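What follows is each chain in one-letter form.
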Amino acid sequence: MGKTTLTHLDSSGEANMVDVGGKAETVRTATAEGHVRMRPETLALILEGDAKKGDVIGTARLAGIMAAKQTSSLIPLCHPLMLSKVSVDIVPDSALPGLRVEALAKLTGKTGVEMEALTAVSIACLTIYDMAKAADREMEIGGIQLVSKSGGRSGDYQRRGD
């Protein structure tokens, strides 16, 4: 295996946007996940729809989708992308206890969508925290990671199980 390099650094070590002009357009997808751990009572409050700020899960889903579309405004060296699909799924997990968040980003283009999927998960988790913090300031956001990606020159990636 060859030497791995940081693609956003030029030969003098300065940050630069990667030139994707010569890359082929392919269908590219990425899936990311994360979670918000909370007290069981907080999870029950969210699931009952009685949180002070309203529909926590629906609002967090929408926030994640909107965030994916704004990734290039948030992460300095990300390319603006024409996403063809963004989905955010939020499911309760009483064993955590809390909410698990998964996001999918997809496009046909010259660069991947890993950052868009990760941004969607991050902002959805932050929105859950914001909306439920009046009930539980000890919530913990964690486990944010790339699960899989497909397309592009580097090929497919699937996170190995723990």
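Participant: Honestly, the sheet that holds strand 4 (residues 140-150) in this entry has me stumped. Any pointers?
Facilitator: Pairing between the strands of a sheet comes from backbone hydrogen bonds, and it takes one of two forms, parallel or antiparallel. With antiparallel pairing, the five strands of this open sheet are ordered in space as 2-3-1-4-5. Among the strands making up the open sheet, the edge pair consists of strand 2 (85-93) and strand 5 (157-158). By the bridge criterion, nine bridges tie strand 2 to strand 3 (residues 98-109) in an arrangement that is antiparallel. In the sheet register, Asp89 faces strand 3, and the bridge partner there is Glu102. Packed onto the sheet, helix 4 (residues 114-132) meets strand 1 (26-37), strand 2, strand 3 and strand 4 and runs at close to 25 degrees relative to strand 1.

Participant: Hey, could you run me through the nonpolar core in this one?
Facilitator: Generally speaking, nonpolar side chains in soluble globular proteins are found buried as a group. Of all hydrophobic cores here, the largest spans 30 residues; its most connected members are Met38, Ile46, Val88, Ile90, Leu99, Val101 and Ile128. Contributions of two or more residues to this core are made by strand 1, helix 1 (40-48), helix 2 (56-69), strand 2, strand 3 and helix 4. Top contributing element to this core by residue count: helix 4, with nine residues. What Ile46 contacts, discounting residues up to four positions off in sequence, is Met38, Val56, Ile57, Leu99 and Ala132.

Participant: Even after reading the chapter, I still don't get unusual backbone geometry, so can you show me in this structure?
Facilitator: Note on backbone geometry: most residues besides glycine have negative phi, and most peptide bonds are trans. In this model, Leu96 is joined to Pro97 through a cis peptide bond whose omega is -20 degrees. Structurally, Pro97 can be placed in the loop between strand 2 and strand 3.

Cut-offs applied
Sequence order as written defines residue numbering, which begins from 1 separately in each chain. In keeping with the predicted nature of the model, local features appear solely for residues at pLDDT of at least 70, side-chain atom pairs appear and are counted solely at 80 or more, and the whole-chain, interface and lining totals rest on all residues. Excluded from the side-chain calculations are hydrogens and water; all other atoms, namely the structure's heavy atoms, are used. Criterion used throughout: strands pair if DSSP finds at least two bridges between them. Numbered from the N terminus, helices here are DSSP runs of H or I no shorter than four residues, and strands are runs of E no shorter than two. Every residue pair with non-hydrogen atoms within 4.5 Å of one another is taken to be in contact. Where helices are involved, their axes are fitted lines through C-alpha atoms of the stretch in contact, as for all axes, and angles between N-to-C directions lie from 0 to 180°. Definition of nonpolar core: a set of buried residues of the types Ala, Val, Leu, Ile, Met, Phe, Trp, Tyr and Cys, connected through side-chain atoms within 4.5 Å. We call a residue buried when its accessible area falls under 20% of the maximum for its residue type, exposed when it is over 50%, and partly exposed in between, using a 1.4 Å probe and counting protein chains only.

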